[in-house]
Amino acid sequence: MSNGYIETVIIGAGQQGCGVAGALQELGHEAIVFEKGEVGQRWAHERWDSLLVGSGNRSIRLPGWDYDGDDPLALPSGPQVAGHLRRYVRDRDLTVREHTPVQAVEGRFGVSDDDMRFRTRLHDGETVESRNLVAALGGYAQPRKPILSCDVDSAIHQTHSSDYRNPGSLPGGAVLVVGAGISGQQIADELIDAGRRVFLSVGRHRAWPRHYRGRTIHEWMHVFSLYDDFVAAGAGDSARLPGLPVCGNRLGTAELNLGTLAEKGVVLVGSARGARGSELMLEDNVVDVAEESALTFREVINKIDTGLRDRGFVAPAAATAPAVNLDAITGFGTRLDLARHGISTIVWCTGFRPDYRILPAQALDENGAPLQRGGILGALPGLYYAGLPDGNSLARTGLAAVADNGRFIAGQIHADHVMRTKSSESLIAAV
């Protein structure tokens, strides 16, 4: 396909890229997907072994396909999600080229043939020209570790959550987990259950109950329209993909928060602020972080209670209202001596950074972040994003949003096609 042309190039064969390809196929538009690994690469190969998707099987929705198994409430593993994506690609005969990294994308504006707005250069020197380009790269391209990790004693084994697989994959000794989002708390929970001595360096996060008044939190989210609260990103580092609330252990069978971890014996320490050899400098903020997370926990419970009362719904009263047990949480101080506590490993659960450097410079801001509107529309004509946050919301990044994202992008490409070809066909795509 050297110097070939296709109407739409899609970069990335995760759920978002596959969703756009499927939506375009529904409308009769051609597309090719380039994937540097395999379909569902991150789900299949870049998650820890015991991870289950908390939103459940029923959240897996692709254009023209919803979960069709017999257990919609079950929590799928990463490889199971990847399996659904691969079956979708196979059954619909979507054009996906695996193990085909994209080296760079050039904008071709101002040329005579305006069908060719982008030239995609592949790793082997091949080029593909297209009118439209969909970047389905998501926000998990680059593991993010703080600079202070470079100042930690080289004798300490360091790994990122993207490379962590299970407790047995780590050297013996105590483990420091840095980061109190979903990954950090679930990995700390797994390690303590496996009999490891565990320290957790906390950071700001939200905590929600897994189960309340006879129903799961995801059921209450649906009934009382709490989804927008769930996916609200909050203020923070715009270069880092923010997290969702912690609301259950990795198996979806028990509550998980700083209180439950402390009760199990996890030692909570403050946010890491510096390192010198085997000593970490910490912020003395364990109690403050726990209290803030407890407020978010209480707020959602109050919203559920208010919804039940206002709607007149009958639900069993909670014998004991769930809460973050602040009585189990104490301060730690401002120093952590790794050697003295026998800590041999640090697991950095400090998130990821997106990487869009392959795109034309005109599409990015001075920090390399995509210039976009609504999490989908790019700054260049014909450029779209699938899986970016929309302002202060993570809604567009989730599994449940894949079908809507794909169909919106496909609808825009369809309208462009109709107007360019001066067709009498409706601009409104009918699926």
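About the thresholds
Residues numbered from 1 in each chain as written. Predicted model: local features only at pLDDT ≥ 70, side-chain atom pairs only at ≥ 80, totals over all residues. Heavy atoms only, no water. Patch = residues over 30% accessible without salt bridge, like charges linked within 9 Å, V, L, I, M, F, W, Y side chains within 5 Å. Areas by Shrake-Rupley, 256 points an atom, 1.4 Å probe, with all protein chains shown as cover. Salt bridge = Lys/Arg side-chain N within 4 Å of Asp/Glu carboxyl O. Helix = DSSP H or I, 4+ residues; strand = E, 2+ residues; numbered from the N terminus. Pairing = 2+ DSSP bridges. Axes fitted to C-alpha atoms, helices over the stretch in contact; angles between N-to-C directions. Contact = heavy atoms within 4.5 Å. Phe/Tyr/Trp six-rings, centres within 6.5 Å; stacked < 30°, edge-to-face > 60°. Lys NZ or Arg CZ within 6 Å of the ring centre and 35° of its normal. Core = buried A, V, L, I, M, F, W, Y, C linked by side-chain atoms within 4.5 Å. Buried < 20%, exposed > 50% of the residue type's maximum accessible area, 1.4 Å probe, protein only. Domains from an automatic or database assignment. Expected span 1.5 Å × (residues − 1). Arc of directions from axis to C-beta. Buried area = accessible area lost by both parts, 1.4 Å probe. Polar contact = N/O pair within 3.5 Å; in protein donor to acceptor, adjacent residues only side chain to side chain. Nonpolar A, V, L, I, M, F, W, Y, C, P; charged D, E, K, R; others polar. Parallel < 35°, antiparallel > 145°, perpendicular 65-115°, else oblique. Left-handed = near helix turned anticlockwise from the far one by under 90°.

Under an unreviewed UniProt entry, the name given to the protein chain is Potassium transport flavoprotein, and the source organism is Mycolicibacterium neworleansense.

Participant: Mind laying out a nonpolar patch on the surface, listing which residues take part and the relevant values?
Facilitator: A contiguous nonpolar patch, built from Met419, Leu427 and Ile428 and spanning about 340 Å² of accessible area, is present on the exposed surface. In this fold, Ile428 is placed in the segment after α9 (402-421).

Participant: Could you give an account of the sheet that holds strand β18 (residues 335-337), naming the residues involved and the relevant values?
Facilitator: Sheet architecture is open: three strands sit in the order β16-β17-β18, paired in antiparallel fashion. Of all strands in the sheet, those bounded by a partner on one side alone are β16 (272-276) and β18. Adjacent strand axes in the sheet meet at a mean angle of 25°, parallel and antiparallel pairs treated alike.

Participant: Describe the sheet that holds strand β15 (residues 267-269), and please don't skip the residues or the numbers.
Facilitator: Paired through backbone hydrogen bonds, the strands of a sheet run either parallel or antiparallel to each other. Strand order across the open sheet formed by five strands is β10-β19-β11-β12-β15, with parallel pairing between neighbours. With partners counted over all chains shown, the strands left at the sheet margins are β10 (157-160) and β15, one partner each. Along the sheet, successive strands turn relative to each other by an average axial angle of 20°, direction set aside. Two elements, β10 and strand β19 (residues 343-348), share four bridges in a ladder whose sense is parallel. Considered in β19, the bridge of Gln158 is made with Ile346. Helix α4 (residues 182-193) contacts β11 (174-178), β12 (198-201) and β19 of the sheet and is inclined by roughly 170° relative to β12.

Participant: Account for the packing of aromatic side chains, naming residues and giving values.
Facilitator: One pass over the full model with this rule turns up four aromatic pairs. Put simply, the rings of Trp220, Phe224 and Phe313 touch in pairs and so form one group of aromatic residues. We note Arg47 situated over the ring of Trp43; from NZ or CZ to the ring centre the distance is 5.0 Å.

Participant: I'd like a description of the nonpolar core, backed by residues and values.
Facilitator: Among the nonpolar cores identified, the biggest contains 47 residues, and Val177, Leu258 and Leu268 are the most heavily contacted of them. Mapped by element, the contributors of at least two residues to this core are β11, α4, β12, α5 (217-223), α7 (258-264) and α8 (286-311). Here this core takes nine residues from α8, the largest share from any one element. Counting the residues that make up this core, at least three belong to each of domain 1 (4-141 + 354-421) and domain 2 (144-351). Membership of the second largest hydrophobic core comes to 33 residues, among which are Leu24, Val53, Val402 and Ala410.

Participant: Please give an account of helix α3 (residues 78-92) that cites residues and values.
Facilitator: An α-helix turns once per 3.6 residues; consequently, residues spaced three or four apart project the same way. The terminal C-alpha atoms of α3, which comprises 15 residues, lie 22 Å apart, in line with the 21 Å expected from a rise of 1.5 Å per residue. Among the residues of α3, Gly78, Val81, Ala82, His84, Leu85, Tyr88 and Val89 are the ones counted as buried. What you see down the axis of α3 is that its buried residues fit within an arc of 155°, all on one side. On its buried face, α3 is in contact with α1 (15-26), α2 (41-45), β3 (61-62), β4 (65-66) and β5 (96-97). Two residues or fewer past α3, Asp93 is found with a positive phi of approximately 55°.

Participant: Can you break down the domain arrangement of the protein chain residue by residue, with the values?
Facilitator: The domains assigned to the protein chain are domain 1 (4-141 + 354-421) and domain 2 (144-351). Taken over C-alpha atoms, the centre of domain 1 sits 30 Å from the centre of domain 2. Contact with domain 1, which involves 20 residues of that partner, is made by 25 residues of domain 2. Between domain 1 and domain 2 lies a buried interface of about 1,800 Å² when both sides are counted; carbon and sulfur atoms form 57% of it. Its largest share of buried area at the contact with domain 2, domain 1 owes to Trp48, Asn392 and Leu394, together 36% of the area lost on that side. The interface formed by domain 1 and domain 2 contains zero salt bridges. Between domain 1 and domain 2 we count six residue pairs in polar contact (both at pLDDT 80 or more) in total. Class assignment for the residues of the side of domain 1 that touches domain 2 results in nine nonpolar, seven polar and four charged.

Participant: If you had to explain the packing of α1 against α3 to someone new, which residues and values would you point to?
Facilitator: Axis separation between α1 and α3 bottoms out at 10 Å; the angle between their running directions is 25°. As far as their axial angle goes, α3 and α1 are roughly parallel. At the point where α1 passes α3, the crossing takes the left-handed sense. Between α1 and α3, the residues in contact are Gln15, Cys18, Gly22 and Gln25 and Leu85, Tyr88, Val89 and Arg92, respectively. Per-class residue counts for the contact of α1 with α3 are four nonpolar, three polar and one charged.

Participant: Mind laying out unusual backbone geometry, listing which residues take part and the relevant values?
Facilitator: For Asp93, which is not glycine, the phi torsion reads 55° and is therefore positive. When you line up the elements, Asp93 lands in the loop between α3 and β5.

Participant: Just give me the short version of the environment of Ala429, but keep the residues and values in it.
Facilitator: By the secondary structure assignment, Ala429 is in the segment after α9. Once the C-alpha coordinates of Ala429 and Ala410 are considered, the two residues, 19 residues apart in sequence, prove to be 8.4 Å apart. Setting aside its immediate chain neighbours within four residues, Ala429 contacts Leu27, Gly411 and His414.

Participant: Could you give an account of the pairing of strand β8 (residues 127-135), with specific residues and numbers?
Facilitator: For β8, the tally of buried residues reaches nine of nine residues, placing the bulk of the element in the interior. Looking at chain direction, strand β1 (residues 4-11) and β8 are connected through seven bridges and run parallel. Within β8, the residue paired with Ile10 across the bridge is Val134. Here four bridges tie strand β7 (residues 118-122) to β8, and the two strands are oriented antiparallel to one another. Opposite Arg119, over in β8, you have Glu129 as the bridge partner.

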